[in-house]
Amino acid sequence: MHQTSQLVENVGGIILLLLVAAMVMVLSKRIKIPFTVMLVLVGAGITFVADFFAESHITALTMLQGLTLSPDLILYVFLPTLIFESSFNLNARQLWQNIVPILTLAVPGLLISTGIIAGVLMLTTSIPWLPALLLGAILSATDPVAVIALFKQLGAPKRLTVLVEGESLFNDATAIVLAGILIAGISADVGEHNADVMSAIMEFLSVFFGGLITGWVLGFGTATLLGMVRADVYIETTLTTILAYASFLIAEQVFHVSGVVAVVAAGLTLGSWGRIKISPSVRQYIDHFWEYMAFVATALIFLMVGMRVNLEELIASSNVLPWVILGMLLSRAIVIYGMIPLSNRLPGTEPTSRAYQTVMYWGGLRGAIAL
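Rules of the game
- Residues numbered from 1 in each chain as written.
- Predicted model: local features only at pLDDT ≥ 70, side-chain atom pairs only at ≥ 80, totals over all residues.
- Heavy atoms only, no water.
- Helix = DSSP H or I, 4+ residues; strand = E, 2+ residues; numbered from the N terminus.
- Rg over C-alpha atoms; globule rule 2.2 N^0.38 Å.
- Buried < 20%, exposed > 50% of the residue type's maximum accessible area, 1.4 Å probe, protein only.
- Contact = heavy atoms within 4.5 Å.
- Areas by Shrake-Rupley, 256 points an atom, 1.4 Å probe, with all protein chains shown as cover.
- Lys, Arg positive; Asp, Glu negative; His and termini not counted.
- Charge placed at Lys NZ, Arg CZ, Asp CG, Glu CD.
- Polar contact = N/O pair within 3.5 Å; in protein donor to acceptor, adjacent residues only side chain to side chain.
- Axes fitted to C-alpha atoms, helices over the stretch in contact; angles between N-to-C directions.
- Parallel < 35°, antiparallel > 145°, perpendicular 65-115°, else oblique.
- Left-handed = near helix turned anticlockwise from the far one by under 90°.

Right, let's talk about the overall build of the protein chain for a bit. Broken down by element type, the protein chain carries 17 helices and 0 strands. Taken over the C-alpha trace, the protein chain has a radius of gyration of 21 Å; the compact-globule value for 371 residues is 21 Å, and the two agree within 12%. The buried share of the protein chain, taken over its 371 residues, is 45%. Across the protein chain, the fraction of contacts at a sequence separation of at least 24, relative to all contacts at a separation of at least 6, is 80%. If you sum the accessible surface of the protein chain, you get close to 19100 Å²; carbon and sulfur atoms cover 69% of it. Within the protein chain, the 21 negative side-chain charges are centred at a point lying 18 Å from the centre of the 16 positive side-chain charges.

Okay, here's the thing in structure tokens:
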């Protein structure tokens, strides 16, 4: 009976959050404040109100307080949706044309950013070097959901959108792989011993490219199955949903490679070559379906993040936070203004203007991956 009651409260809480998200969306459009920012603020406000009326036992507030945001919930429920939607709708041809600057920012750029943030923290705080590197890896991943939405509203150049979103997709994968290696190192007290750099590099490459191959194979197989279906919206939509979650689960649990990279590869494969296998009458429906799924995932994540904000802990960390923010801004500036000009010099690369670089600098928001 207790389990049933808890389930009812969880379902009721999710329904209430979706209602709040819809109201926030309407309000954000009217007062011109980014949707994700407002979600966090409203989430924090919900927690404040719930704590204030804690003794009143209001049912709606009790339902909301019962919801928890765990890492597993983000990784296995929300993340595949967000990653797949972005990669599926990304223009694969334009991505390939801009692959040099994107990969430059997503792999060596993220590693450099990790090192800079860690360096700033080690020089200015008491955080040890391995946890500082872990924090640097977590905070170097960009998640420009609000920026991409703004690009669509303003009609921003497609190349700029591809650069910002492409970097986010690939550096998400790089950051999670790197963070996983560092967490394993901290758990094993690697900091007390001589770390084998070469083995860490080999592990990074195997996990990254293993995920790439896994996602490509699954994406290719799903596209082949879609080619056998004729204009059935339910079957075709279900196959794309299975691909988004199966690629993550199979990569992580079966082959022990990067699930995020697998989802990116699967989404790109299905969104490019595989798109022609989807029935023409079904394509628009699938596009809308994944846009809505991404909206739900984003809304729930940021609302629950706001609800978990602990102002006392935030204030207690006020001596460290300015250095963290400084490290993030400094690392982003060095990576964007230092590495993009280098990639511009490579043969066959379309130069990225300083104006684009500035937008990419300020568009490097942090979001679901870091959370």
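Before going further, it helps to examine the side chain of Glu85. Position of Glu85 relative to the elements: it lies in helix α4 (residues 71-89). One polar contact links Glu85 to Asn89, side chain to side chain, over a distance of 3.0 Å. Beyond its immediate sequence surroundings of up to four residues, Glu85 is in contact with Trp290, Glu291 and Ala294.

Glancing now at the packing of α4 against helix α14 (residues 280-307). At a minimum axis distance of 9 Å, the contact between α4 and α14 shows a crossing angle of 140°. In terms of their interaxial angle, α4 and α14 are classed as oblique. The two elements α4 and α14 meet at a crossing, and its hand is left-handed. Residues Leu73, Phe78, Thr81, Leu82, Phe84, Glu85, Phe88 and Asn89 of α4 form the contact with α14, whose own contacting residues are Ile286, Asp287, Trp290, Glu291, Met293, Ala294, Ala297, Thr298, Leu300, Ile301 and Met304.

Take it as geometry only, folks, not as evidence of what the structure does.
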